[in-house]
Every structure is written in structure tokens, then in C-alpha cells.
Amino acid sequence: MLSSVKNFVKRNRTNIAIGVGLAGAAYVYARSKFSEAKDRMSSDRIAKENLKRRFEQNQDDCSYTVLELLPTAVDAIMKDMQVEKITDELRQKKDKKATKLVRSSHGAGESSAADTSTAVGTSPSKDDDNQSLQSFASESYIMANGFSVDQARRGKSRTQLWNEIKIGSITRSFTLIYTLALLTILTRVQLNLLGRKNYLSSVVSLAARDEDPTITLINNEAYKSSAYSDDEVNRQYLIFSWWFLHKGWRRVKDKVEAAVKEVFGPYTPRDSFTLAQLHELTCRVRTIIEIDNGPPVTNTDIPSAKWITSYLLPSRAEERIVFTESGYTQQPHPSSSSAGPSSAEASFQTSSALRKMLDETSDLLDSPIAAAVMRTMLDTGFGILVDEKMNEQVFKKPAPPATTEPATPVDGVVALPTISITEPEKDEVATTKLASILAVITREAQMIGSRVPNEYLKAMEQAKELEGFSALVYSNFEDVAAQLPASAYEDSGSERLLITR
């Protein structure tokens, strides 16, 4: 048997050798492919972890940036709408009237003073007005010590001053909520666009080094010049947040004020409201501001989202204002001696890189997705003000659990959810005077505009829609890598796998 095996091997040694060779080659090939796949999976994992880390760090930077920029707009809003100053004038009028009554009572004798006091005390309208003022002054933060009474208001009646307090306090708090949401979404778009640009720069840099690993001499001056130019574009792009902080919020305030006058104008501080009525009036104000042609007829109707861009970004004709009035100066080249406003402005107008970034920002803010994210943040902000604060401090009821209705995609487009705030139970009949509501609204203006802690900003940033929108902006890599300048190339890891696939 052993001899037969030997004879068989001798006769087929060529075929056996070929078979063993093929088997060995297949094993080596399979091992190399397995090792390659393992390396690729490891690279993908590292790249994804690195991308996630970069993204999370970028969102933390966005939150910090909003907190740094917010005081600029808040200080301007609080200075423009000094409700406390009007309240001080109203109190002074009341004190002057009381002083006159005391003096006249001393001249007429104790008996006439008692009659006058009785007559005044039995006037229901005056009594209600005094109670409204006491309620407003006791429940709100009165900071009249630092205010000088406006001369233009000295000749106004108490009714006119109460109307200014009503419109001013509601307008100010609503404007601050819109300002907080608008500044948040603008900052997310800007910093995520720049974060994506820096990420792609590092990926392209690594790919370029892999293709040509040889050491070459480079022109340092040319490199510094192009890198300086790219940094200037980034700084010019970020300076456009100046527009909203100094100009855009005024447009928001004008729009909010007009809506508040239309909705709350007919009411007086002595009028009583239920929580359901306050919900309805708040939604009417928001509808006027956020929807151009009234509320959507059906859930599939998508209101215009261009109202966001109209507040956050200037028109092309107004871009010169941003560049000149912000105090920003630019040198087109680091070796240039100086550059006046005219040359800087000309360089700004002819920057194609900046124009691409501004156009992409405008497109993102005009998108239905951005409008849905904005609606969610505003629902959160107004929900805290109306649901929580009014329930707890005015109607003395516990805040109802918050519910969020996600936007439903229709034909691939995200439809905007209907403007809504958590409705109270039907059997709730508790009422309160408008003066008490104004007191809470006035006090909450300080909290909405506070830097740290700011529960309104924290709640808005926890919205999943905002995080998803930020991820969409950060991960939109299509046709971007080819537009990156060579000056942006820098070291990176294996993240290129996420771009090339």
C-alpha cells in the first residue's frame, strides 16, 4: 500500500505541487484580505470616533459662543425697552396724587379728610388700578434707582403709561426668546460650517501626503500668504454675526411689537385671563411673526422660512454695513503696509470663498428643516414662560408635562409642526389679572437674558432637532473637499475613509 502511494505521488507530483501552491497562495491572499479588512474596520472606527469627538467639541464651542455673544444683544434690548422706568413714572404719579390728597385734607379739617378718604376708597375703578400697580410693582424687579424719568412721559396719563408697560413688557420678553433662538441657530450654522471645513482640510492633507510622501521644499511665503487669506475669509464670515447683534434684533423687536399691539392692545391691566386665553393670545402673536400669510391650512402646508434669514443675515446691499460699521479692518496680504476701508471693502466684495459660505448659510437658514428646528426651540422657550412660570407663579398650579410632536416628512420634505403650547385642562377656570401676568413676564426678561445659568438656552439646546440639524450641516461633505484651498491642509488621522466612501 505504501508503494502504491509513492507511485501515485510520483505520477501526479506536478499536479500535487500546483495544488499545494494554489492552496498556499489562496491562504496568503485570504490572510492579507482579512488583515486588510481588519485594518480598514479599525480605521473606520477610529475615524468615526474622531469625527464624533470633533463634532461634540464643536457643539460645546457653539454653546459657549452663544453665551459670550448674548449679552451684547440683551443689553441693547433692555436699554431700548426700559419697562422699569415707565413703572417708576407711574408710581411717582400715584405718590404725587396721594400727596395732594393729604395736603387738601389738612386744609379742610379732619372731618372733610375722613369724608374724602371714604369717597376715594369707594371708587372701584381707582381701587382696581392701585391694586394692579401694587401687584405689578411687588412681583416684578423694580430697578428705578438707576433710571431717570423720561421727560416725554411726564405729560402722559396713567392709562397711557399702563398701556406702555403692557406692550413693553410683553414685547421685551418675547423679543428675548426670539433673540435667544435665532442666535443659537445662527451660531450652530456658522461654527459647524467652519468645523466641517477644518475637518475636510485635515482629511485632504492626509490624502495628499499618502500620495506623495517625499520631502519637498516649499515656498513658505506663498504658503503663509494663502493661509492668511483663508483665515481672513473665516474671520470675515464670523463677523456677520455682528449684523444680528446690532441690527437684526431691532427688526425682530419691531415685528414682535406690532404683533403684540395687535393681539394684546385691546386689553387693560384690570382684565382677567385664564391660562387657556393666555395660550391662545401667545399663539396668535407667534402666528403673526412666524407665518407670513396666516397659519397653515393643513399639516402639509409649509410656511415660508425666509423670515429667519431676514433677521439673521443682511441683504447683499447691506453687507457693506457689516464690514464697515463693525470696526473690522483687513489687510489683503500680511506683507502689505496698510489697507484703508475702501480697499478692504473691495477685497471683501470680490471674495468668492466668502460668498460661497454666505450663500450656503442662507440656503441652510431658508430650508424647511431650519424652520422646523426654529419652531421647536421657540415652542420650548414659550413653553417655559407660559407653561411653567405662569402655572407656578400666577395660576399657582404645577407645570404640566411637556410634550413634543415631531415633524412628519411629506414627500421627502419635513413639514412644520403646528404652533402649539401645552394646553391646560378644560376644567381649569382659575383667572388672574393681566397686571399679575405682566409682573411675571417682566421678571422673566431678566432670566431669559441671563448669561449663566440660563434655563431657556439650556432647554433649547437639548432639543434633538437642533442636534440633528447641526449634524446635518457638519456632515455635508458633498463637493466640498474639491473647493478647499491648499493652505488649509494640515495633519489628520485616517478620517479620509469617511469622505472617499
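Residues numbered from 1 in each chain as written. Predicted model: local features only at pLDDT ≥ 70, side-chain atom pairs only at ≥ 80, totals over all residues. Heavy atoms only, no water.

A. Structural view of the overall build of the protein chain. Within the protein chain one finds 18 helices and four strands. When each of the 501 residues of the protein chain is scored for burial, the buried share is 42%. Accessible area for the protein chain stands at about 26800 Å²; split by element, carbon and sulfur atoms hold 54% of it. (Helix = DSSP H or I, 4+ residues; strand = E, 2+ residues; numbered from the N terminus. Buried < 20%, exposed > 50% of the residue type's maximum accessible area, 1.4 Å probe, protein only. Areas by Shrake-Rupley, 256 points an atom, 1.4 Å probe, with all protein chains shown as cover.)

B. Spatial organisation of the environment of A181. By secondary structure assignment, the location of A181 is in helix 6 (residues 158–211). For A181, a relative accessible area of 0% corresponds to the buried category. Residues A181 and T380 lie 199 residues apart in sequence; the distance between their C-alpha atoms is 9.7 Å. The residues contacting A181, other than those within four sequence positions of it, are M374, M377, L378 and M460. (Contact = heavy atoms within 4.5 Å.)

C. Structural context of a nonpolar patch on the surface. Judged by side-chain polarity, V5, F8, V9, I16 and V20 come together as a nonpolar surface patch covering roughly 420 Å² of accessible area. When contributions to the nonpolar patch are tallied by element, the ones reaching two or more residues are helix 1 (2–11) and helix 2 (13–80). Element by element, the count of residues in the nonpolar patch is highest for helix 1, at three residues. Along the polypeptide, V9 turns up in helix 1. (Patch = residues over 30% accessible without salt bridge, like charges linked within 9 Å, V, L, I, M, F, W, Y side chains within 5 Å. Salt bridge = Lys/Arg side-chain N within 4 Å of Asp/Glu carboxyl O.)

D. Local environment of the packing of helix 8 (residues 241–264) against helix 9 (residues 275–290). Remark: helix 8 packs on helix 9, axes separated minimally by 9 Å, with the N-to-C direction vectors making an angle of 140 degrees. With respect to each other, helix 8 and helix 9 are oriented oblique. Crossing geometry of helix 8 relative to helix 9 is assigned as right-handed. Residues K255, V256, A259, V260, E262, V263 and F264 of helix 8 pack against L281, R284, V285, I288 and I289 of helix 9. For the contact of helix 8 with helix 9, the per-class residue count stands at nine nonpolar, no polar and three charged. (Axes fitted to C-alpha atoms, helices over the stretch in contact; angles between N-to-C directions. Parallel < 35°, antiparallel > 145°, perpendicular 65-115°, else oblique. Left-handed = near helix turned anticlockwise from the far one by under 90°. Nonpolar A, V, L, I, M, F, W, Y, C, P; charged D, E, K, R; others polar.)

E. Just helix 14 (residues 368–393), in detail. Taking 1.5 Å of rise per residue, 26 residues should cover 38 Å, and helix 14 covers 36 Å from first to last C-alpha, within 8% of that figure. Residue G383 marks the point of greatest curvature in helix 14, where the axis turns by about 35 degrees. With respect to burial, helix 14 is a largely interior element, 20 of its 26 residues being buried. (Expected span 1.5 Å × (residues − 1). Bend = angle between axes of the 7 residues up to and from the residue.)

F. View of the packing of aromatic side chains. Under the defined criterion, the tally for this structure stands at seven aromatic pairs. Here W307 and Y311 contribute two aromatic rings whose centre-to-centre distance is 6.1 Å and whose plane-to-plane angle is 70 degrees, an arrangement assigned as edge-to-face. Of this pair, W307 and Y311 both sit in helix 10 (residues 306–312), separated by four residues, roughly a single helical turn. Assessed through its relative accessible area of 7%, W307 is described here as buried. You can call Y311 buried: its relative accessible area is 8%. Connected via pairs of aromatic rings, a cluster forms that spans F174, Y178, W307, Y311 and F382. (Phe/Tyr/Trp six-rings, centres within 6.5 Å; stacked < 30°, edge-to-face > 60°.)

G. Summary view of the packing of helix 2 against helix 8. Helix 8 packs onto helix 2 with a crossing angle of 35 degrees between their chain directions and a minimal axis gap of 10 Å. Our pair here, helix 2 against helix 8, has a crossing hand that is right-handed. Contacts between helix 2 and helix 8 involve L69, T72, A73, A76, I77 and D80 from the former and S241, L245, H246, W249, R250 and K253 from the latter.

H. Structural detail: the nonpolar core. In this structure, L182, I185, L312, M374 and M390 are the most contacted members of the largest nonpolar core, which totals 81 residues. No other element matches helix 6, which puts 15 residues into this core. Filtering out sequence-adjacent residues up to four positions away, L312 remains in contact with L182, I185, L186, F240, W243, F244 and L365. (Core = buried A, V, L, I, M, F, W, Y, C linked by side-chain atoms within 4.5 Å.)

I. Here's a closer look at the pattern of salt bridges. Considering all chains together, one arrives at 20 salt bridges under this definition. Between R286 and D379 there is a salt bridge whose closest N-O contact spans 2.7 Å. With a gap of 93 residues between them, R286 in helix 9 and D379 in helix 14 connect regions that are remote in the sequence. In this structure, R286 and D379 share a single accessibility class: buried.

J. Spotlight on unusual backbone geometry. Following V452, the chain continues into P453 via a peptide bond in cis, with omega recorded as -10 degrees. Within the fold, P453 resides in the loop between helix 15 (434–448) and helix 16 (455–461).

K. Molecular detail of a negative patch on the surface. Judged by side-chain charge, E56, D60, D61 and E467 come together as a negatively charged surface patch. No other element matches the three residues that helix 2 contributes to the negative patch. Topologically, D60 is positioned in helix 2. (Lys, Arg positive; Asp, Glu negative; His and termini not counted. Charge placed at Lys NZ, Arg CZ, Asp CG, Glu CD.)

L. Spatial organisation of the side chain of N192. Note that N192 resides in helix 6. For N192, a relative accessible area of 0% translates into the label buried. A distance of 3.1 Å separates the side chain of N192 from the side chain of N58, its partner in a polar contact. Sequence-distant contacts of N192, that is, excluding residues within four places in its chain, are made with F55, N58, Q59, C62, S470, V473 and Y474. (Polar contact = N/O pair within 3.5 Å; in protein donor to acceptor, adjacent residues only side chain to side chain.)

M. Representation of the side chain of D387 in the model. Mapped onto the elements, D387 comes out in helix 14. Salt bridges are absent for the buried D387, whose nearest opposite-charge side chain, R286, sits at 9.4 Å.

N. Representation of the confidence of the model for the protein chain in the model. A residue-level look at the protein chain finds 64% of positions with pLDDT of 70 or above and a mean pLDDT of 75. Counting interchain partners and residues more than four positions distant, the pLDDT-below-50 stretch residues 331–348 has 26 contacts. In this model residues 409–417 is a low-confidence stretch, pLDDT under 50, and it forms 26 contacts with partners more than four residues away in sequence or in other chains. (pLDDT = per-residue confidence, 0-100.)

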